[in-house]
Amino acid sequence: MEKIKGLIDAPFTPFYSNGEVNYEPIERYAAMLKNNGLKGVFINGSSGEGYMLTEEERMKLAEAWMKAAPSDFKVIVHVGSTCVKTSRRLAEHAQKIGAFGIGAMATPFPKVGRIEELVKYCEEIAAGAPQLPFYYYHIPAFNGAYLPMVELLKAVDGRIPNFAGIKYTYESLYEYNQCRLYANGKYDMLHGQDETILPCLAMGGAQGGIGGTTNYNGRCLTGILKAWEEGNIEEARELQNFGQEVINVICHYRGNIVGGKRIMKLIGLDLGPNRTPFQNITDDEERALKAELEAIDFFNKCNQF
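Predicted model only: the values in this text are computed from it and were never measured.

With that settled, consider the pairing of strand 1 (residues 6–9). Remark: a regular strand shows side chains that alternate across the two faces of the sheet. Looking at chain direction, strand 1 and strand 8 (residues 208–211) are connected through four bridges and run parallel. Residue pairing for strand 8: leucine 7 is matched across the bridge by glycine 209. With two bridges joining them, strand 1 and strand 2 (residues 40–43) adopt parallel strand pairing. Counterpart to isoleucine 8 in the pairing with strand 2 is glycine 40.

Counting 86 residues, the largest nonpolar core has Leu118, Tyr136, Leu152, Phe163 and Phe298 as the members making the most contacts within it. Broken down by element, this core gets its largest block of residues, seven residues, from helix 4 (residues 115–126). Aside from chain neighbours lying at most four places away, what touches phenylalanine 298 is Tyr216, Asn217, Phe242, Val246, Ile263, Ile267 and Leu293. Membership of the second largest hydrophobic core comes to twelve residues, among which are Phe42, Ile76, Tyr135 and Tyr137.

Once that is clear, we can look at the side chain of aspartate 9. Looking at the element boundaries, aspartate 9 is found in strand 1. Within the buried set, aspartate 9 has no salt-bridge partner at all; the shortest N-O distance to an opposite charge, 9.3 Å, is to lysine 167. Side-chain polar atoms of aspartate 9 contact the backbone nitrogen of asparagine 215, separated by 3.0 Å. Those residues in contact with aspartate 9 that sit more than four places away from it in its chain are Tyr29, Leu33, Leu38, Gly40, Val41, Phe42, Gly211, Gly212, Thr214 and Asn215.

As a further point, take the pattern of salt bridges. When charged atoms on two side chains of opposite charge get close, those side chains can pair. For the coordinates displayed, the defined rule picks out 16 salt bridges. Of the charged contacts in the structure, one is a salt bridge between lysine 261 and glutamate 49, with a shortest N-O distance of 3.2 Å. Of the two residues, lysine 261 sits in helix 11 (residues 255–267) while glutamate 49 sits in the loop between strand 2 and helix 2 (55–68), which places them 212 residues apart along the sequence. The network of salt bridges with shared partners includes Glu116, Glu123 and Arg159.

Another point: the packing of helix 9 (residues 214–229) against helix 10 (residues 233–250). At a closest axis distance of 8 Å, the pairing of helix 9 and helix 10 adopts a crossing angle of 155°. Considered as vectors, helix 9 and helix 10 are oriented roughly antiparallel to each other. Seen along the crossing, helix 9 lies across helix 10 with a hand that is left-handed. Contacts between helix 9 and helix 10 involve Tyr216, Asn217, Cys220, Gly223, Ile224, Ala227 and Trp228 from the former and Ile233, Glu235, Ala236, Leu239, Gln240, Phe242, Gly243, Val246 and Ile250 from the latter. Taken together, the residues of the contact of helix 9 with helix 10 break down into eleven nonpolar, four polar and one charged.

Take the packing of aromatic side chains next. All chains considered together, the criterion is met by ten aromatic pairs. Ring centres of phenylalanine 42 and tyrosine 137 lie 5.6 Å apart, and the angle between their planes is 75°; on these two criteria the pair is classed as edge-to-face. Of this pair, phenylalanine 42 sits in strand 2 while tyrosine 137 is found in strand 5 (residues 134–138), placing the two residues 95 residues apart along the sequence. Take phenylalanine 42 and tyrosine 137: they sit in the same class, and that class is buried. Both rings, one in tyrosine 146 and one in tyrosine 170, keep their centres 6.0 Å apart while their planes meet at 65°; by these two values the pair is edge-to-face. Of this pair, tyrosine 146 sits in the loop between helix 5 (140–143) and helix 6 (149–156) while tyrosine 170 sits in the loop between strand 6 (163–168) and helix 7 (173–181); the two residues are 24 residues apart in sequence, bridging distant segments of the chain. For tyrosine 170, a relative accessible area of 26% corresponds to the partly exposed category. Through a chain of ring-to-ring contacts, the aromatic side chains of Phe134, Phe163, Tyr182 and Tyr187 assemble into a single cluster.

The next point concerns the side chain of threonine 86. Mapping threonine 86 onto the fold places it in helix 3 (residues 84–96). Its relative accessible area of 13% is what places threonine 86 among the buried residues. Excluding anything up to four places from it in sequence, threonine 86 contacts Glu55 and Ser81.

Okay, unusual backbone geometry next. Of all residues except glycine, most have a negative phi; of all peptide bonds, most are trans. Cis peptide bonds are those with omega within 30 degrees of zero, and the linkage from phenylalanine 109 to proline 110 qualifies with -5°. Residue position: proline 110 is located in the loop between strand 4 (101–105) and helix 4. With an omega of 20°, the peptide bond between threonine 276 and proline 277 qualifies as cis. In this structure, proline 277 sits in the loop between helix 11 and helix 12 (283–295). Of note in this structure, glutamate 49 is not a glycine but carries a positive phi near 55°. Look at glutamate 49 and you get buried, because its relative accessible area is 2%. If you check the backbone angles, asparagine 184 has positive phi at about 60° while not being a glycine. Summarising the element assignment, asparagine 184 is placed in the loop between helix 7 and strand 7 (188–191).

Criteria and cut-off values
Residues numbered from 1 in each chain as written. Predicted model: local features only at pLDDT ≥ 70, side-chain atom pairs only at ≥ 80, totals over all residues. Heavy atoms only, no water. Pairing = 2+ DSSP bridges. Helix = DSSP H or I, 4+ residues; strand = E, 2+ residues; numbered from the N terminus. Core = buried A, V, L, I, M, F, W, Y, C linked by side-chain atoms within 4.5 Å. Buried < 20%, exposed > 50% of the residue type's maximum accessible area, 1.4 Å probe, protein only. Contact = heavy atoms within 4.5 Å. Lys, Arg positive; Asp, Glu negative; His and termini not counted. Salt bridge = Lys/Arg side-chain N within 4 Å of Asp/Glu carboxyl O. Polar contact = N/O pair within 3.5 Å; in protein donor to acceptor, adjacent residues only side chain to side chain. Axes fitted to C-alpha atoms, helices over the stretch in contact; angles between N-to-C directions. Parallel < 35°, antiparallel > 145°, perpendicular 65-115°, else oblique. Left-handed = near helix turned anticlockwise from the far one by under 90°. Nonpolar A, V, L, I, M, F, W, Y, C, P; charged D, E, K, R; others polar. Phe/Tyr/Trp six-rings, centres within 6.5 Å; stacked < 30°, edge-to-face > 60°.

By themselves, these observations are geometric and do not establish any function.
Pasting the structure below:
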């Protein structure tokens, strides 16, 4: 299976003020991401508030992104759900509309506590789209599935034919690298933490990744890959440090899903509020957020339209 090169964005889901999904901005959204160096999108995941969407909304969003996708722009559909039958239907739909791939994080309920439980979950979902690569989305902070990922790779090897790799969003660079080295690099290890791209590049990984702050800071993060490739280590360090500065700011405003989504409005693409029960940014917080970003010269370095 093809290994992804470059960074895939995890987009936000646009909402109207009444909480309904707004599909209108997606075409402009996709074009902006492509123009700022992103290679595709991983939709309906954590940044996209996927678990807070109905099955119909998730399918309509997948169709909208497929319609809007520029040429050579990958659409990976997150199909994880607390109901594995729903996940399988979403996987079938993603294959039907021609998506590049599918992915799923472990269900937050019931908590997955054993490798075999996780393998069965992935197996049933992946079977819904046998022609598409399936990526397990490892983000234990969201679902408590603190399981060893090398053991997962061993368990799926030869069992799930379309298992392509892992979107690895966890702090263990050691484990990430061990997964990358498993079976001579058999699986695609998509780096999932924007704050640690450079150290993973230094270990030989992070050729491909899926990010959340790439929505608005993609020029910086794709720049890390380019600087590394060109051997400009000092520039890569400066860009990684700036990426962390931006993350420091959004941590003051409930993280990427809430604070990051409001940054999109500040750079020219209003994606509306977050869906309940997220606590939305207030007007005063928005002004403070803007001031903090101005203080680090963000608006001269961020994604441009």
